[in-house]
Protein chains: 2
Amino acid sequence: MSQAPFLPVLRELACCYQAFERLSGHHIRQVGLTPGQFDVIATLGNTCGMSCRELGERTLITKGTLTGVLDRLVERGLIRRETTPGDRRSLTVTLTDAGRSVFEDVFSPHVAYLEPAFAQLSATELSTIEASLKQLRSVMEQGFGDCCEKLNN
Amino acid sequence: MSQAPFLPVLRELACCYQAFERLSGHHIRQVGLTPGQFDVIATLGNTCGMSCRELGERTLITKGTLTGVLDRLVERGLIRRETTPGDRRSLTVTLTDAGRSVFEDVFSPHVAYLEPAFAQLSATELSTIEASLKQLRSVMEQGFGDCCEKLNN
DNA sequence: TCCTGATTATCCTAGTTAGAACTGTTTATG
DNA sequence: CATAAACAGTTCTAACTAGGATAATCAGGA
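Figured I'd write up the structure that's included with this text.

Quick notes on the rules
- Residues numbered from 1 in each chain as written.
- Chains lettered and ligands numbered in written order.
- Predicted model: local features only at pLDDT ≥ 70, side-chain atom pairs only at ≥ 80, totals over all residues.
- Pairing = 2+ DSSP bridges.
- Helix = DSSP H or I, 4+ residues; strand = E, 2+ residues; numbered from the N terminus.
- Contact = placed C-beta atoms within 7 Å.
- Axes fitted to C-alpha atoms, helices over the stretch in contact; angles between N-to-C directions.
- Core = buried A, V, L, I, M, F, W, Y, C linked by C-beta atoms within 7 Å.
- Buried ≥ 20, exposed ≤ 12 C-beta atoms within 10 Å, placed from the backbone.
- Domains from an automatic or database assignment.

1. As for the sheet that holds strand E1 (residues 50–51) of chain B
All names here are of chain B.
Point 1. Strand order across the open sheet formed by three strands is E1-E3-E2, with antiparallel pairing between neighbours. Each edge of the open sheet is held by one strand with a lone partner, namely E1 and strand E2 (79–84).
Point 2. Where E1 meets strand E3 (residues 87–95), two bridges bridge the pair, whose relative direction is antiparallel. Its bridge partner being in E3, Met50 is matched across the sheet by Val93.
Point 3. In the packing of helix H4 (residues 63–75) onto the sheet, contacts are made with E2 and E3, and the angle to E2 comes to roughly 115 degrees.

2. Section: the nonpolar core
Point 1. Grouped together as the largest cluster of nonpolar side chains are 33 residues, with contacts concentrated most on Leu13, Cys16 and Phe20 of chain A together with Leu13, Cys16 and Phe20 of chain B.
Point 2. Elements supplying a minimum of two residues to this core: helix H1 (7–30), helix H5 (97–118) and helix H6 (123–151) of chain A together with helix H1 (7–30), helix H5 (97–118) and helix H6 (123–151) of chain B.
Point 3. Among the domains, domain 1 (7–116) and domain 2 (121–153) of chain B are the pair contributing at least three residues each to this core.
Point 4. Those residues in contact with Leu13 of chain B, other than ones at most four positions away along the chain, are Cys16, Tyr17, Phe20 and Leu133 of chain A.
Point 5. Grouped together as the second largest cluster of nonpolar side chains are 16 residues, Leu44, Val69, Ile79 and Val93 of chain A included.

Listed below in structure tokens is the structure:
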């Protein structure tokens, strides 16, 4: 067990992420959105729309899921799917007026809701944490790359 | 935007967790388990069983989900649900012989699979990362507590 | 041009998720 | 001792998840 000193780090990562989901999700659901829907609306806010592919990359929602999330947002009249001129494979997703209004009603309040918790951390502490996360992600992504590479050789 | 310097941290946390899920889950699925099932088996390994409540706490799987995960493991003959002497509400979950054998076949190889990625990090770096995660989790859990408290006052 | 290969989005399956409502059991209190 | 509160696990619903298969479209090379 002590031969794998990284296991506690992974466990802590999982706990940490769950704590975030609980904290953030709690507020998001109160305003009638799911975390995924909020993510899409927050990403589309202040843009003039983007393709599903780009939306998937920015929101961290996988392609298969995204279709369903977008379906529900269309049903609720918050977004629109439009054909992209010049590429008939692609769709451009944009906020409707209603969607833009939800964005404005929800995004800033959500940041304000999170604010007090993070006010306890200094700028230095925040950057240490961010650097730690980046480092951790980097080794894991590299590890995943290496393992996929092996499969193709 | 720059008024909320913690947003990049949260984004990085989400990315980091997803990278972990991809890296770890990729291997787990190859051996025919889901991440949740692996989590249960790894937690039960080398123990003499525990209640659903304790299992839920240790694996970070919520109780509602746990029922289904356990159902599938019972179907596959990897675990057993036994009545707990002295408390008829509670069930004790233990690995069957088949389950124990899966544990042995899968746990160490999984740690070995992850090893090379983490070998890049020094012990010092690992503890910095762990401390960062703990700090981040702490402020978020506290934030969640504060917000729930408000609801009751 | 034709054709192969890559890209875009959707569909499908099995499984997981949170949250809330519910049953049965235990414990504490009046 | 009765009963209210707390607790253990299951059930339910709507949604999300990865991964793989599919259909339509686009781009490059023979």
